[in-house]
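Now for the letters of each chain:
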Amino acid sequence: MIKILAIDDDPQNLSMITAALRQPGVEIKSCTDSTAALDLFFELRPQIVLLDLVMPGIGGMVLLEQMVAADPGVDVILLTGDYSTTSAVEAIQKGACDYLTKPADLNKLRQRIADWVSDAKVKQRVWQLDHELAETSQFEGIIARSPIMWEAFAKIRRIAPHFYTCLVSGPTGTGKELVARSLHHLSPGARGRFAVCNCAAIADALVESELFGYVKGAFTGANHDKQGLFEYANGGTVFLDEIGELSLKAQAKLLRVLQNQEIQRVGSPAVRKVNVRIIAATNRDLFTLVSEKTFRDDLYYRLSMVEIRLPGLAERREDIPLLQQHFLEKFNVQYKKEIKGISRRAGIFLERYSWPGNVRELQNVLGSACLMAESNTIDIADFPQQIREQMVRFPAQGARARLSMEEMGSRYALEIVKQMDGNKARAAEILGISRTTLYKLLDGVANLDKTIADAQLLTPPN
């Protein structure tokens, strides 16, 4: 059901509008009081608002700002009996999607609303398709449609049935453990255990006992035999995360397991056979560590015989919308919310961010935004403060240097208007376009600048 809210202090005009727009699948509410209208807006959460610009009490421009701030996804159409180019541009810059004169041409208004209703239905369908696409673009729990990730998926399928050792490399937060789990799940050892060890979290003195176990009396406090990680995962897979943090002594012990599938518990001369697949992961350049003599070359070559490299999120930006959809649905369930999507300016914000923390950072940002959002659309203000601070710096370095063709056209149009001392009619003539097209181009500049300005306004000074 598409919801429309019509606000006008003239009851007769309201009745004409509601009668003209009534159609199946559309719910229309009207209000003549501006203060009550704001309360009705929050209660109804309409997709489309028809708003009289000049009203007693709260003015239409103020209502426009408050509504767009509360729900960036709403389409607001301003109605006025006194058309002004200045106020029209101001309204568009503040978030209105159209600006019409009164008395409204009902046939024209009916057609406009039909178009917006159609757009609203398309948005709902897009949300549904995004959901379906996110489901069909999953590989063992990993969301992606980018060629670089599909290449990684193909490699996982090829090696999973055969590998005994594998190295998964890539920046922090790219999903190395998910890849390791998918390798285990698709391997012949899938029925066995998947044991995880964070090598950076184990003290050097405890590495051997944690990985290989110990026997009673091996050292003070060893009051009973203890099974190590490799024995625990016998028949399955051991995932060694952050393998670059292992000491050289522990690396030598690990090499024996890789070569002979044998382990020795601390304090015991007995050799125990194990059958495990080993997946190592690192966000460091192991080849550089080898040259620095902090990582054994024989262990490196043994591990890297089969290697899967994961790209950073900045290298697979086409996956960001899918990941957004996936995380929004996840957090909707977790937080019992009904977030429908992300505002256009917030989406631009996320597209231009560098994502140094990769997918994990995107997940954390969207989780926080879902928790903080008061409407069903996430906006810039819902992002964590630290991400807004970083995003403010990012456009200054990159966004203006890598403008789209549309943005370049908008910038050029603005420059011509400045050269004509603000004479838009003359500027449109020089550009060979209509004034309506010129206003759309100038609106594009306003949107780009507003995206950056919003971040600056939302970020408190140091």
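Right above here is the structure, for reference.
Residues numbered from 1 in each chain as written. Predicted model: local features only at pLDDT ≥ 70, side-chain atom pairs only at ≥ 80, totals over all residues. Heavy atoms only, no water.

Digging into the overall build of the protein
For the protein, the helix and strand inventory stands at 19 helices and 18 strands. Burial analysis of the protein (462 residues in total) assigns 47% to the buried set. Across the protein, contacts joining residues at least 24 apart in sequence account for 69% of those joining residues at least 6 apart. For the protein, the accessible area works out to roughly 22900 Å², and carbon and sulfur atoms hold 51% of it. (Helix = DSSP H or I, 4+ residues; strand = E, 2+ residues; numbered from the N terminus. Buried < 20%, exposed > 50% of the residue type's maximum accessible area, 1.4 Å probe, protein only. Contact = heavy atoms within 4.5 Å. Areas by Shrake-Rupley, 256 points an atom, 1.4 Å probe, with all protein chains shown as cover.)

Looking at unusual backbone geometry
In the Ramachandran plot, Glu242 falls in the positive-phi region, its phi being about 55° despite a non-glycine side chain. Following the sequence through the fold, Glu242 ends up in the loop between β12 (237-241) and α10 (248-260). In this structure, Lys293 takes a positive phi of about 65° despite not being glycine. Secondary-structure assignment places Lys293 in the loop between α11 (286-291) and α12 (297-303).

What to know about the packing of helix α13 (residues 320-335) against helix α15 (residues 358-372)
The N-to-C vectors of α13 and α15 enclose an angle of 45°; their axes lie 9 Å apart at closest approach. Here α13 is positioned oblique relative to α15, judged by the angle of their axes. Judged by the twist between their axes, the crossing of α13 over α15 is right-handed. Residue-level contacts link Leu323, Gln324, Phe327, Leu328, Lys330, Phe331 and Tyr335 of α13 to Val359, Leu362, Gln363, Leu366, Gly367, Cys370 and Leu371 of α15. Of the residues that constitute the contact of α13 with α15, the class distribution is 10 nonpolar, 3 polar and 1 charged. (Axes fitted to C-alpha atoms, helices over the stretch in contact; angles between N-to-C directions. Parallel < 35°, antiparallel > 145°, perpendicular 65-115°, else oblique. Left-handed = near helix turned anticlockwise from the far one by under 90°. Nonpolar A, V, L, I, M, F, W, Y, C, P; charged D, E, K, R; others polar.)

So, the pairing of strand β2 (residues 26-31)
Bridge count for strand β1 (residues 2-7) against β2 is 6 bridges, and the pairing is parallel. When the bridges of β2 are listed, Ile4 appears paired with Ile28. Taken together, β1, helix α1 (residues 11-21) and β2 form a β-α-β motif whose crossover is right-handed. (Pairing = 2+ DSSP bridges. Right-handed = clockwise from strand over helix to strand, strands pointing away.)

Describing the sheet that holds strand β8 (residues 165-169)
Note on sheets: strands pair through backbone hydrogen bonds, and any given pair is parallel or antiparallel. Read across the sheet, 5 strands follow the order β9-β12-β15-β8-β16 without closing on themselves; strand pairing throughout is parallel. Only two strands of the sheet have a single partner each, and these edge strands are β9 (194-198) and β16 (307-309). Between one strand axis and the next, the sheet turns through 15° on average, direction left out of account. For β12 and strand β15 (residues 277-282), the ladder comprises 4 bridges, and the chain directions are parallel. From the neighbouring strand, Leu240 faces β15, where its bridge partner is Ala280. Set on the sheet, helix α6 (residues 147-159) makes contact with β8 and β16; between it and β16 the angle comes to about 160°.

Thoughts on α15
For α15, with 15 residues, the first-to-last C-alpha span of 21 Å sits near the 21 Å given by 1.5 Å per residue. Residues of α15 that are buried: Asn358, Val359, Glu361, Leu362, Val365, Leu366, Gly367, Ala369 and Cys370. (Expected span 1.5 Å × (residues − 1).)

Regarding the side chain of Ser343
For Ser343, the position within the fold is in the loop between β17 (341-342) and α14 (344-352). For Ser343, a relative accessible area of 5% translates into the label buried. A distance of 2.7 Å separates polar atoms of two side chains, one belonging to Ser343 and the other to Asp379. Residue contacts for Ser343: discarding those within four places in its chain leaves Pro72, Thr377, Ile378 and Asp379. (Polar contact = N/O pair within 3.5 Å; in protein donor to acceptor, adjacent residues only side chain to side chain.)

Things to note about the layout of surface pockets
By volume, the second largest pocket is sized at about 500 Å³. Taken together, 23 residues form the lining of the second largest pocket, with Gly173, Thr174, Gly175, Leu178 and Arg360 sitting closest to its centre. Listed by contribution, the elements that provide at least two residues to the lining of the second largest pocket are β7 (142-143), α7 (176-186), β12, α13 and α15. Considering every element that reaches the lining of the second largest pocket, the biggest residue donor is α13, with 4 residues. Considered class by class, the residues forming the lining of the second largest pocket number 7 nonpolar, 9 polar and 7 charged. (1 Å grid on protein atoms, 1.4 Å probe; cavity = no way out; pocket = protein on both sides within 12 Å on 5 of 7 lines; lining within 4 Å. Points joined across faces, edges and corners; volume = space filled by probe spheres on them.)

Describing the nonpolar core
Core analysis: the largest hydrophobic core is formed by 32 residues, its most contacted members being Leu211, Phe230, Leu240, Ile243, Phe295 and Leu303. Those elements giving two or more residues to this core turn out to be β9, α8 (207-212), α9 (229-232), β12, α10, β15, α11 and α12. Of all the elements, α10 adds the most residues to this core, at 5 residues. When neighbours within four sequence positions are excluded, Leu211 is seen to be in contact with Cys197, Gly228, Leu229, Phe230 and Leu240. (Core = buried A, V, L, I, M, F, W, Y, C linked by side-chain atoms within 4.5 Å.)

Looking at the pattern of salt bridges
Between side chains of opposite charge, a pair can form as their charged atoms come close. Per the counting criterion, the structure on display carries 13 salt bridges. A salt bridge links Glu208 to Lys249; the nearest nitrogen and oxygen atoms lie 3.7 Å apart. Highlighted residues: Glu208 in helix α8 and Lys249 in helix α10, separated in sequence by 41 residues. Through salt bridges with shared partners, one network takes in Asp225, Glu231, Arg265 and Arg272. (Salt bridge = Lys/Arg side-chain N within 4 Å of Asp/Glu carboxyl O.)

A look at the sheet that holds strand β5 (residues 98-101)
Strand order in the open sheet made by the 5 strands is β2-β1-β3-β4-β5, with parallel pairing throughout. Edge positions in the open sheet fall to β2 and β5, since each of these has one partner strand only. On average, adjacent strands in this sheet sit at an angle of 20° to one another, irrespective of strand direction. Summarising the sheet, strand β3 (residues 48-52) and strand β4 (residues 75-80) pair through 5 bridges and their orientation is parallel. Bridging across to β4, Leu50 finds its partner in Ile77. Against the sheet, α1 makes contact with β1, β2, β3 and β4, and its axis sits at roughly 180° relative to β2, the strand it touches most.

The quantities given are spatial measurements derived from coordinates; they are silent on function.
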